[in-house]
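Reading the structure
What follows is the residue order along each chain.
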Amino acid sequence: MLDVHGLRKVYEGSGRRTEAVRDLTFSVEAGELVCLVGPSGCGKTTLLKCVGGLLAPTAGEVRLAGRRVEGPPPGMAFVFQEYGRSLFPWMRVGQNVELPLKQKKLGRERRRELVADALESVGLADAAGAYPWQLSGGMQQRVAIARALAYEPEVLLMDEPFAAVDAQTRADLEDLVRRLWRERGITILFVTHDIDEAVYLGERVIVLSASPTVVQEQLKVDLPAERDQVHTRVSPRFAELRTRVYEQIQAAKRGGAGKAVQ
Amino acid sequence: MRRLLLRLFFALALPAVLVAVWWAASAGSTNVYWPPLRTILGTFPDVWTADRLRTDVGPSVLRLAAGYATAAVVGVALGTVIGSYRRVRAVCEPVLEFLRAVPPPVLVPVIMLFAGIGDTMKIAVIASGCVWPVLLNTVEGVRAVDPVLAQTARSYGITGPARLREVVLRSASPQIFAGLRQALSIGIILMVISEMFAASNGLGFTIVQFQRGFAIPDMWTGILLLGLLGFLLSVLFRLVERRVLGWYHGLREAGRRSP
């Protein structure tokens, strides 16, 4: 579904070259939920923006369903970390969700259906008439997720979407993402710096190295599909996986690749 | 109801006191130039008859409206272009700062040379003064569009006219309104000034006529009427602003409650 091949991104600024991403190759199958995790400042956001067509890569390419991504493709929806700055404060919740659909030239009936359905599935069916700033942080991020759902993307890109909400809200939102993924069979690429979150959510975790970024390791999360905050997080397999990811990230910070002890 | 009365009281208290002081202080005045307020108010209905409102106030307000609207449209349009492109901004900014620094009344004789002495000249004078605050504030507003918001719009394919209409202009609207508010007071000043040169009707013209004819109380009534007009326009402006920028005030209120 999504293929990233030899991706490289170098920022050219006032006499200084910063290589944010060196050489990244990975792919995401249709209907998969993949988490990208890496040490902070490792170019995760840069990577995701390249994938989403918001930044042009210096080298390499991103392909969505075989088509090369050269600008934001209609088949991708983005959920940003800064929910407060990604919703339009002059529009009500319903209008926020509807605006991209108008741009897609969908009919009024169809738009109304999609908006109602998306808000319903994030649990905000009765908030359509509110302004985003009247809602709590967690609810605002739900609106952003609803907007992405209504857009009916082939791939949903999420850039540390829960980094700015409190722990309890975060747990709820994680379960929401799992549920939506299972119900709707969408493909999700989820970026986070939180190891537990990556293991809890993902079917597969891609560990990134420190900047300049390469893929440190990929591992399959063989936890049962039915997960919940209480039991999954204390299961022995969860602990093993998170230890493994943790070690890889520590190794990545030291700059070595694959030196972790098993 | 009680709160409304209280607010009304606060709003009216100071004007009432000022009028009372004026009334008392001028009561026994024999100075020709400072007639008692009683005389001025007595003259008011005689001077500002329905007929005069139509022949003098009407044209003034229409010219103000035309000049102001022109300035708003031109200011927002140019400001959006300049604010959107860094290159254009670099070229235009020094010139804009210079033009803005020129006091608009100075332009009256110049504009008269090109636009004659009719309505066109007056509208041009008003527009040329009002355009600067609108233009410069629009530039700032358009520049300040949040990068995350801009990326969100881009990633959802909101581009071109829709981006301008739904994102850029809405996001800049608080600044645009700040400019429009400044422009309104400049516009009223220029409305009067433009009528003091080579005019045959209008509020400014009438006030100058009264002054030249030593009809001093009549002149004072004109000044009072101007004040009232300015007040009325600012109330009207605030009503529109509250409607258009309701989201902005709510957002700021929400930000203050939970920073």
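Residues numbered from 1 in each chain as written. Chains lettered and ligands numbered in written order. Predicted model: local features only at pLDDT ≥ 70, side-chain atom pairs only at ≥ 80, totals over all residues.

The condition that has to hold: UniProt positions are given in the numbering used here, feature names are shortened, and annotations may be inferred rather than shown by experiment.
The name given to chain B in an unreviewed UniProt entry is Nitrate ABC transporter permease, with Streptomyces lomondensis as the source organism. A UniProt comment under Sequence similarities (unreviewed entry) is attached to chain B, and it reads "Belongs to the binding-protein-dependent transport system permease family."

In the nomenclature of an unreviewed UniProt entry, chain A is known as ABC transporter of Streptomyces lomondensis.

1. Overview of the overall build of chain A
What counts here: Numbering of helices and strands starts at the N terminus; helices are DSSP runs of H or I of at least 4 residues and strands are runs of E of at least 2. Here the radius of gyration uses the C-alpha set of atoms, whereas the globule reference equals 2.2 Å times the residue count to the power 0.38. Here a residue counts as buried when 20 or more other C-beta atoms fall within 10 Å of its C-beta, as exposed when 12 or fewer do, and as partly exposed in between; the C-beta atoms come from the backbone. In this description, a residue-residue contact is defined by the distance between C-beta atoms placed from the backbone, which must lie within 7 Å.
Across its full length, chain A holds nine helices and ten strands. Compactness check: chain A gives a C-alpha radius of gyration of 18 Å against a globular reference of 18 Å for 262 residues, within 12% of the reference. For the C-alpha atoms alone, the extent of chain A along its principal axes is close to 55 × 50 × 35 Å. Split into buried and exposed, the 262 residues of chain A put 45% on the buried side. Sequence separation of 24 or more characterises 70% of the internal contacts of chain A that already satisfy a separation of 6 or more.

2. Regarding the interface of chain B and chain A
Much of the literature gives interface size as the accessible area that the parts lose upon coming together. Where we set the bar: When residues are grouped by polarity, Ala, Val, Leu, Ile, Met, Phe, Trp, Tyr, Cys and Pro land in nonpolar, Asp, Glu, Lys and Arg in charged, and all others, Gly among them, in polar.
Listed per partner, the contact involves 17 residues of chain B and 19 residues of chain A. Counting residues per element, the ones that place at least two in the side of chain B that touches chain A are helix 7 (147-155), helix 8 (160-196) and helix 11 (246-257) of chain B. Considering every element that reaches the side of chain B that touches chain A, the biggest residue donor is helix 7 of chain B, with six residues. Broken down by class, the residue content of the side of chain B that touches chain A amounts to eight nonpolar, five polar and four charged.

3. Focus on unusual backbone geometry
Residue and element names in this part refer to chain A. Backbone geometry places A65, a non-glycine residue, at a positive phi of 50°. Its place among the elements puts A65 in the loop between strand 4 (59-64) and strand 5 (67-68). Looking at A65, the number of C-beta atoms within 10 Å reads 13, which means it is partly exposed. In the Ramachandran plot, E160 falls in the positive-phi region, its phi being about 40° despite a non-glycine side chain. The buried category is assigned to E160, around which 21 C-beta atoms lie within 10 Å.

4. Details of the UniProt feature "transmembrane region" (unreviewed entry) in chain B
All names here are of chain B. Look at the UniProt record and you will see "transmembrane region" (unreviewed entry) annotated at residues 65-85, 106-135, 183-208 and 220-240. The straight-line gap between the two end C-alpha atoms of residues 183-208 is 24 Å; of that span, 77% is helix and 0% is strand. Helix makes up 100% of residues 220-240 and strand makes up 0%, while its end C-alpha atoms are separated by 31 Å.

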